[in-house]
Each structure stands twice: as structure tokens, then as C-alpha cells.
Amino acid sequence: MLQVLLCGGAVVTLSMGIRHGFGLWLQPITQDMGWTRESFALAIAIQNLSWGVLGIFVGMMADKLGAFKVLIGGAILYALGLAGMALAPTTLLFTLTAGLLIGAAQAGTTYAVIYGVLGRQIPPDRRSWAMGVTAAAGSFGQFFMVPVEGGLIAQFGWSNALLILAVIALVIAALAFGLREPGFGSTAGAAPKRDQTIGQALAEAWTNPSFVLLLAGYFVCGFQVMFIGVHMPSYLKDFGIAPHVASYSLALVGLFNIFGTYIAGNLGQKMPKRYLLSGIYGLRSVVIIGFLLAPLSPWSVYLFSAAMGFLWLSTVPLTNATIAQIFGVQHLSMLGGFVFCSHQVGSFLGVWLGGYLYDRNGNYDMVWYLAIALGIFAAIVNLPVREQALVRKPATT
């Protein structure tokens, strides 16, 4: 169990750490290349959408073939995507590399794949805790990698910084060796037993109201975190806040998210997860309102980042543990991929609308208001979720 946690956590640390710093490249790339903010935002929005859509099929592959092969492929795609992002001469090629290629890489190196391993390897009474630990590792990646990426940009320039990250991404392939599972192409153990086909699992999930409600809540999560993560540096610079404040603020989000996700994972073992999810989404809206009403200063930014960071990815272990609790772990990566696809549709809209509405209105006000309203919506729709495990009728012969 320890090896799975360490290697899974390290993979998520690198994958999520790299992607959380993409907002730092918005102004250097657009100013150097003469592109609009919307063009950059569209590429990152497509990245999130690609991640979500492809994550469904990558989840199916991971459930069938195991995480090892998927992680190797994801690491290679990540390196190629970052290199392409650095060298793309046009917005079209930038969108193909930063958007489609890196999106596919993230689908194969983040939560859906890693949580599938955890679900199969960790006992149910420790599963929510283990998912919280892994989500905390992703938060540590943000805390650690965002300042590193900011330093690389300052030291080597934005293009060379991306090439260096491409080399770092290949470390994920080495970590994949610690996540090989018995029964998936190895000589140890038999292939995992499948009581359901993919079609049966999908039909069961999509006719279950709780699954649909979790999808709706996760959509809001994606909208909020990606709007803030990508556009916060530019929002602060528009108000004359020094660039280092943005780097520190994103790092604080990652630091406090370590505690938030770990605590959420622990509480998920003891309390109804639907209440925890509802509270997290509601508190996000409260924190955003407070940030917009307070006078803007470096300290108000740091306080907002700490509070939002505590709530940032704490939805991840709770949502995935709820899916495992209701539907079991046979098709966990696939079902987690569907829920995460909803998250990424929200991410697409949060990133793209941020750029679109800024270019047309000259400010981010409308997107902030949408983030508040959606948080209230998500707090409401998570309350009716039923967490009881489904009782299936025995298969007849």
C-alpha cells in the first residue's frame, strides 16, 4: 500500500503541479507572440475539455489494461505537448499542442487513472483517506511547482522554461513502474474478475440520480478552479499588483490545499460526503464574495488564496470516494472519467469565458459573479446524493 501511495502521489504531484502553473505563461506568451488573451485561454480551455473527454476512454483502458501502460503513454505525450507548446509559431499549433496533446497527457497521468489503482489496492475503510492523501500530493505539486515555473520563466525565458518542464514530465514514466498491478499483463495473479460489462456499468450509472448530481457539482468545481488558476495572475496585474504576488498566491492555494484535501479525505470516512461537498461549494462562494468586497492588496490576495486553497481540490477525494462507495471499483477509472469530464467542461467554460468576457468588457466582473452563483448551485445539488452502495441482482445463467 505504501508504494502505491508514494508513487501515485508523486505522479499527481508532477502532473498537477505542471498544469497549475500555466496561468504564469499567459502574459509572456501573448505579449511576445502578439496574441490575444482569448487565444491563449481558448487553448487552455480546449486542454481541459480534451482532458475530460479523453479521460473517459483512458479510464476504460486503465480499468482493462492497468495503470502502468497508460501512465507511460501519458508521460510521453506530456513531454511532447510541452515541447510543442514552447515551439508553436501560430495559435493553431499552440492550440493543438497546449490544448489537445497536453489534455490527452493529463487524462493519462492524473486522478482517474491513479484513483483506479487506489480503489483496487486500498481497503474500503481506508479508501477516502488514501484518495485524500493523493489529492494532497497534487496540491503539494502546485505549492512546489508554481514557484519553480515562475523562476524558470524569469531565469530562462518562457520557451526554454517549457522545454525544461518537458524533460521533468518524463519522470512520470519512471514512477509508473511502482504502480504495476497484479493481473494486468504481469505474471502475478489472475486477471481481475468483471461482474459487469462496460455497457452495464454505464447504464447503471447514468440512470442513477446521484451520479448525475455529482456530475453537476463537479462541473462547478472545474469552472471555479480553472478560471481562478489561469486568470488570477492577469487579474492582479491589471490592478497593478506585482507579478510575484500572483506566483505566491497560486503557491498558497497549493499549500493550503494540502491540508484541505487531506482533512476532507479523513472526514469522508466519518461523515456523509454529500454534506461535506455541499459545504465546500457554499464556502467557495462566500470566500469569493469576501475577496471582491475587500480592498485589493497583496495581503487580501494571500488571505483569499489561503481560504480558497483549503477548498480547492477537497472535492476530489470526496467525489471519487462517493462513486466507489455507490458503484464499486470494477469500473472506477471509467466512471471517474465521466464525472471528471463534467469537471473539464466546466473548466473549459471557466477559462474560455474568462478570456472572452475580458476582451469584450475589459474586466473579469461577470465571470466572478458566475463563479459565485454556480457555487451556490453546487451546494444545493449535492445535498440529495444517496451514498449507499447499490445492491445488484445476481446474474442469472
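For clarity, every value in this text was computed on a predicted model and none was experimentally measured.

1. A few points about the overall build of the chain
Item 1. Looking only at helices and strands, the chain features 17 helices and zero strands.
Item 2. Relative to a compact globule of 397 residues, whose C-alpha radius of gyration would be 21 Å, the chain shows 20 Å and is just as compact.
Item 3. By residue count, 59% of the 397 residues in the chain fall in the buried class.
Item 4. Of all intrachain contacts in the chain linking residues separated by at least 6 positions in sequence, the fraction that spans at least 24 positions is 86%.
Item 5. Within the chain, the 12 negative side-chain charges are centred at a point lying 11 Å from the centre of the 19 positive side-chain charges.

2. Describing a nonpolar patch on the surface
Item 1. A contiguous nonpolar surface patch, about 510 Å² in accessible area, is contributed by Phe 259, Tyr 262, Ile 263, Leu 267, Met 271 and Phe 310.
Item 2. Among the elements that make up the nonpolar patch, the one with the highest residue count is helix H12 (residues 243–267) (four residues).
Item 3. Relative to the helices and strands, Phe 259 is located in helix H12.

3. Quick notes on the packing of helix H11 (residues 209–238) against helix H15 (residues 315–327)
Item 1. Where H11 contacts H15, the axes come no closer than 11 Å and their chain directions differ by 165°. Compared by their axis directions, H11 and H15 come out roughly antiparallel. Considering the relative orientation of H11 and H15, their crossing is left-handed. Of H15, the residues touching H11 (which contributes Ser 210, Phe 211, Leu 214, Tyr 218 and Cys 221) are Thr 315, Val 316, Thr 319, Asn 320, Thr 322, Ile 323, Ile 326 and Phe 327.
Item 2. Of the residues assigned to the contact of H11 with H15, the class counts are eight nonpolar, five polar and no charged.

4. So, the nonpolar core
Item 1. Residues Trp 25, Leu 82, Phe 94, Met 232, Phe 304 and Trp 368 are the most contacted members of the largest nonpolar core, which totals 131 residues.
Item 2. The biggest single contributor to this core is H11, with 16 residues.
Item 3. Beyond its immediate stretch of four places on either side in the chain, Met 232 contacts Phe 227, Ser 249, Phe 291, Val 301, Phe 304 and Trp 368.

5. A few points about helix H5 (residues 91–107)
Given 3.6 residues to a turn, an α-helix orients residues that are three or four positions apart in the same direction.
Item 1. For H5, built from 17 residues, the straight-helix expectation of 24 Å at 1.5 Å per residue is met to within 8% by its first-to-last C-alpha distance of 23 Å.
Item 2. Buried residues belonging to H5 abut helix H1 (2–20), helix H2 (26–33), helix H3 (37–65), helix H4 (67–87) and helix H6 (111–121).

6. Observations concerning the pattern of salt bridges
Item 1. Taken as a whole, this structure holds four salt bridges when the rule is applied.
Item 2. Two residues, Glu 38 and Arg 360, come together in a salt bridge whose shortest N-O distance is 3.4 Å. Of this pair, Glu 38 sits in helix H3 while Arg 360 sits in helix H16 (residues 332–361), and the two are 322 residues apart along the sequence.
Item 3. When the shortest N-O distance is used, the salt bridge between Arg 274 and Glu 387 registers 3.4 Å. Placement of the pair is Arg 274 in helix H13 (residues 273–293) and Glu 387 in the segment after helix H17 (365–381), with a sequence separation of 113 residues.
Item 4. Judged by its relative accessible area of 7%, Glu 387 is buried.
Item 5. A single network of salt bridges, built from pairs that share partners, joins Lys 273, Arg 274 and Glu 387.

7. A look at the side chain of Thr 109
Item 1. Looking at where Thr 109 falls in the secondary structure, it is placed in the loop between H5 and H6.
Item 2. According to the relative accessible area criterion, Thr 109 is buried, its value standing at 0%.
Item 3. In this structure the side chain of Thr 109 is engaged in a polar contact, spanning 2.9 Å, whose partner is the backbone oxygen of Ala 105.

8. Examining H2
Item 1. Every buried residue belonging to H2 is among Leu 26, Gln 27, Ile 29 and Thr 30, and all of these are buried.
Item 2. Buried residues along H2 sit against H3, H4, H5, helix H8 (158–169) and H11.
Item 3. Just downstream of H2 lies Gly 34, where phi reads positive at about 75°.

9. Concerning the packing of aromatic side chains
Geometry of an aromatic ring pair is reported as the spacing of the ring centres plus the angle between the planes.
Item 1. Counting across every chain of the model gives 23 aromatic pairs.
Item 2. Geometrically, the ring pair formed by Trp 206 and Phe 211 is edge-to-face, given 5.4 Å between the ring centres and 80° between the ring planes.
Item 3. The class for Trp 206 is partly exposed, based on a relative accessible area of 42%.
Item 4. When the ring of Phe 227 is compared with that of Trp 368, the centres are 5.0 Å apart and the planes differ by 80°; the resulting orientation is edge-to-face. Here Trp 368 lies in helix H17 and Phe 227 lies in helix H11, a separation of 141 residues in the sequence.
Item 5. Judged by relative accessible area, Phe 227 falls into the buried class, the value being 2%.

10. Some thoughts on the packing of H11 against helix H14 (residues 298–311)
Item 1. Where H11 meets H14, the axes come as close as 13 Å, and the angle between the chain directions of the two elements is 175°. It follows that H11 is roughly antiparallel to H14 by the angle criterion. Two secondary-structure elements touch here, H11 through Ile 228, Met 232 and Leu 236 and H14 through Val 301, Phe 304 and Met 308.
Item 2. Within the contact of H11 with H14, the residues separate by chemical class into six nonpolar, no polar and no charged.

11. A word on the side chain of Thr 319
Item 1. Along the chain, Thr 319 falls in helix H15.
Item 2. According to the relative accessible area criterion, Thr 319 is buried, its value standing at 2%.
Item 3. Those residues in contact with Thr 319 that sit more than four places away from it in its chain are Leu 214, Tyr 218, Leu 277 and Val 339.

12. Description of the environment of Ala 205
Item 1. Of note, Ala 205 is situated in helix H10 (residues 198–206).
Item 2. In sequence terms Ala 205 and Phe 22 are 183 residues apart; their C-alpha atoms lie 34 Å from each other.
Item 3. Discounting residues that sit within four places of it in the chain, Ala 205 has contacts with Phe 211, Phe 327 and Leu 335.

13. Brief notes about the environment of Leu 175
Item 1. Among the secondary structure elements, Leu 175 is positioned in helix H9 (residues 171–175).
Item 2. Leave out the neighbours within four places in its chain, and Leu 175 touches Cys 7, Ala 10, Val 11 and Leu 14.

Definitions and limits used
- Residues numbered from 1 in each chain as written.
- Predicted model: local features only at pLDDT ≥ 70, side-chain atom pairs only at ≥ 80, totals over all residues.
- Heavy atoms only, no water.
- Helix = DSSP H or I, 4+ residues; strand = E, 2+ residues; numbered from the N terminus.
- Rg over C-alpha atoms; globule rule 2.2 N^0.38 Å.
- Buried < 20%, exposed > 50% of the residue type's maximum accessible area, 1.4 Å probe, protein only.
- Contact = heavy atoms within 4.5 Å.
- Lys, Arg positive; Asp, Glu negative; His and termini not counted.
- Charge placed at Lys NZ, Arg CZ, Asp CG, Glu CD.
- Patch = residues over 30% accessible without salt bridge, like charges linked within 9 Å, V, L, I, M, F, W, Y side chains within 5 Å.
- Areas by Shrake-Rupley, 256 points an atom, 1.4 Å probe, with all protein chains shown as cover.
- Salt bridge = Lys/Arg side-chain N within 4 Å of Asp/Glu carboxyl O.
- Axes fitted to C-alpha atoms, helices over the stretch in contact; angles between N-to-C directions.
- Parallel < 35°, antiparallel > 145°, perpendicular 65-115°, else oblique.
- Left-handed = near helix turned anticlockwise from the far one by under 90°.
- Nonpolar A, V, L, I, M, F, W, Y, C, P; charged D, E, K, R; others polar.
- Core = buried A, V, L, I, M, F, W, Y, C linked by side-chain atoms within 4.5 Å.
- Expected span 1.5 Å × (residues − 1).
- Polar contact = N/O pair within 3.5 Å; in protein donor to acceptor, adjacent residues only side chain to side chain.
- Phe/Tyr/Trp six-rings, centres within 6.5 Å; stacked < 30°, edge-to-face > 60°.

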